[in-house]
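# Examination of the molecular architecture
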Amino acid sequence: MIFLPAISFPTSLVISERSLASYQLLFRHLFFAKHVERRLVNIWLDHQMMKELQSLRKALGPTYCLRQRMLHFMQNLIYYMMYE
């Protein structure tokens, strides 16, 4: 899906089609990163329910660690992209 707004005369002097395409690519990347973060949070919720099962807890320990590292990375990447 591509959003192509109609840019009126005075604004078209400042915002070119090339800069608009750059912004679209940046926002697409940001939205995909937010999507990945939401998926990791949903996996975290699943892991919270699985932690009650003592028989699986030790076997799934490495996946908990990997998920937490990925979630931490994505949250920091999104923070960097939005605020830095």
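Criteria and cut-off values
- Residues numbered from 1 in each chain as written.
- Predicted model: local features only at pLDDT ≥ 70, side-chain atom pairs only at ≥ 80, totals over all residues.
- Heavy atoms only, no water.
- Core = buried A, V, L, I, M, F, W, Y, C linked by side-chain atoms within 4.5 Å.
- Buried < 20%, exposed > 50% of the residue type's maximum accessible area, 1.4 Å probe, protein only.
- Helix = DSSP H or I, 4+ residues; strand = E, 2+ residues; numbered from the N terminus.
- Contact = heavy atoms within 4.5 Å.
- Expected span 1.5 Å × (residues − 1).
- Phe/Tyr/Trp six-rings, centres within 6.5 Å; stacked < 30°, edge-to-face > 60°.

## Some thoughts on the nonpolar core
- The biggest cluster of nonpolar side chains holds six residues, and these are L30, A33, L40, L71, M74 and I78.
- Listed by contribution, the elements that provide at least two residues to this core are α2 (17–50) and α4 (61–83).
- For L30, the residues in contact, after removing those within four places along its chain, are I78, M81 and M82.

## Comments concerning α2
- With 34 residues, α2 extends 49 Å from end C-alpha to end C-alpha; this agrees with the ideal 50 Å at 1.5 Å per step.
- For α2, the full list of buried residues reads L30, A33, E37, L40 and H47.
- Buried residues along α2 sit against α4.

## Notes on the packing of aromatic side chains
- Following the criterion strictly, the structure yields three aromatic pairs and no others.
- On the basis of an interplanar angle of 40° and a centroid distance of 5.1 Å, the ring pair of Y79 and Y83 is categorised as tilted. Pair noted here: Y79 and Y83 are both in helix α4, with a separation of four residues, about one helical turn.
- Judged by relative accessible area, Y79 falls into the partly exposed class, the value being 47%.
- Relative accessible area serves as the criterion here: at 57%, Y83 is assigned to the exposed category.
- Here the aromatic cluster, defined as three or more aromatic residues joined through ring pairs, consists of Y23, F27 and F31.

## Considering the environment of I78
- Note on placement: I78 falls in helix α4.
- Accessibility expressed as a relative area gives 6% for I78, which makes it buried.
- The spacing of I78 and K34 is 44 residues in sequence and 7.3 Å in space, taken between C-alpha atoms.
- Once you skip the residues sitting within four places of it in the chain, I78 turns out to touch L30, A33, K34 and E37.

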